[in-house]
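# Observations on the model geometry
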Amino acid sequence: MGFSKRQHVWLIKLLVMITFALLLAGCGKTSTDINEYLNTGTAIDAEAKDMMPVLEDLPTYRAIDYRHTQKKMFLFEANSVALVVEYDTQTYESEKGKLAEDFAASKLESASETTDNTSRTNEEFSLNSYVFRVLEGDGFPKSFGMIGTSDEHQRIAYLYFYDFDLDTIGEPDDSNRMSKFVKSYFDYEF
């Protein structure tokens, strides 16, 4: 028993619609192998090395969690890296203090530079128990880092994003645009 011509046409249309839907939705993959940290073979490795911590330089921690997420849609590709480190109370407070000093120094340096607001941001936002700061950088929004702290869980989250084709993140007047962005591009439950 074979297909009729009408069933063939319908089957071809269905396959075309499914293929089109998959292309629009894109696909993605996530790796949690800490051995691939900044060694994924993608462009994010070189971009993130200046901002992300060196694993061997981290103080003693309770737990560490790593995620590299790669999302593809048509010919476009976005990569994100998340490194979340949990410390004991004393180490967490010490590391958080170092971050606050680094932010203050970064703010002083950027105040002396003249740039437009599209290339730099000093935005802070919250996501569950974390308070994040988008780091200064010339690559925003195509390539940039974020650091978040969670007093509740004594964790520091180091995030980096790279997508050479991205021109904007959400609507400028959307106060939740960065938290939506992190939920969309970083495969991690903050």
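From a predicted model like this one, the values you see are computed outputs, not experimental measurements. (Residues numbered from 1 in each chain as written. Predicted model: local features only at pLDDT ≥ 70, side-chain atom pairs only at ≥ 80, totals over all residues. Heavy atoms only, no water.)

### Section: the overall build of the chain
- When helices and strands are counted, the chain shows four helices and seven strands.
- A burial count over the chain gives 37% of its 190 residues as buried.
- Considering only contacts within the chain whose residues lie at least 6 apart along the sequence, 61% involve residues at least 24 apart.
- Taken as a whole, the chain presents about 11,900 Å² of accessible surface, with 53% of it coming from carbon and sulfur. (Helix = DSSP H or I, 4+ residues; strand = E, 2+ residues; numbered from the N terminus. Buried < 20%, exposed > 50% of the residue type's maximum accessible area, 1.4 Å probe, protein only. Contact = heavy atoms within 4.5 Å. Areas by Shrake-Rupley, 256 points an atom, 1.4 Å probe, with all protein chains shown as cover.)

### Overview of the sheet that holds strand β1 (residues 27–31)
- Sheet architecture is open: seven strands sit in the order β1-β2-β3-β7-β6-β5-β4, paired in antiparallel fashion. Looking at which strands have only one partner, the edges of the open sheet turn out to be β1 and β4 (124–127). When strand polarity is set aside, the average angle formed by the axes of neighbouring strands in this sheet is 20°.
- Where β1 meets strand β2 (residues 63–73), five bridges bridge the pair, whose relative direction is antiparallel. (Pairing = 2+ DSSP bridges. Axes fitted to C-alpha atoms, helices over the stretch in contact; angles between N-to-C directions.)

### Thoughts on the side chain of glutamine 154
- Residue position: glutamine 154 is located in the loop between β6 (143–150) and β7 (155–162).
- A polar contact of 3.5 Å, which involves the side chain of glutamine 154, links it to the side chain of arginine 62.
- Ignoring sequence-local partners within four residues, the contact set of glutamine 154 consists of Arg62, Val85, Glu86, Tyr87, Asp88, Thr89 and Tyr92. (Polar contact = N/O pair within 3.5 Å; in protein donor to acceptor, adjacent residues only side chain to side chain.)

### Some details on the confidence of the model for the chain
- On average, residues of the chain carry a pLDDT of 85, and 85% of them reach 70 or more.
- The lowest-confidence element of the chain is helix α1 (residues 5–25), averaging 72 in pLDDT; the highest-confidence one is β7, averaging 97.
- Here residues 107–120 is a poorly scored stretch, pLDDT under 50, and it has 12 contacts once near neighbours within four places are set aside; other chains count. (pLDDT = per-residue confidence, 0-100.)

### Description of the pattern of salt bridges
- Across all of its chains, the model carries nine salt bridges by this definition.
- With a closest N to O distance of 2.8 Å, lysine 142 and aspartate 167 form a salt bridge. Pair noted here: lysine 142 is in the loop between β5 (130–134) and β6 and aspartate 167 is in the loop between β7 and α4 (177–185), with a separation of 25 residues, a long-range link.
- Beyond isolated ion pairs, a larger network of salt bridges with shared partners links Arg62, Glu86 and Arg155. (Salt bridge = Lys/Arg side-chain N within 4 Å of Asp/Glu carboxyl O.)

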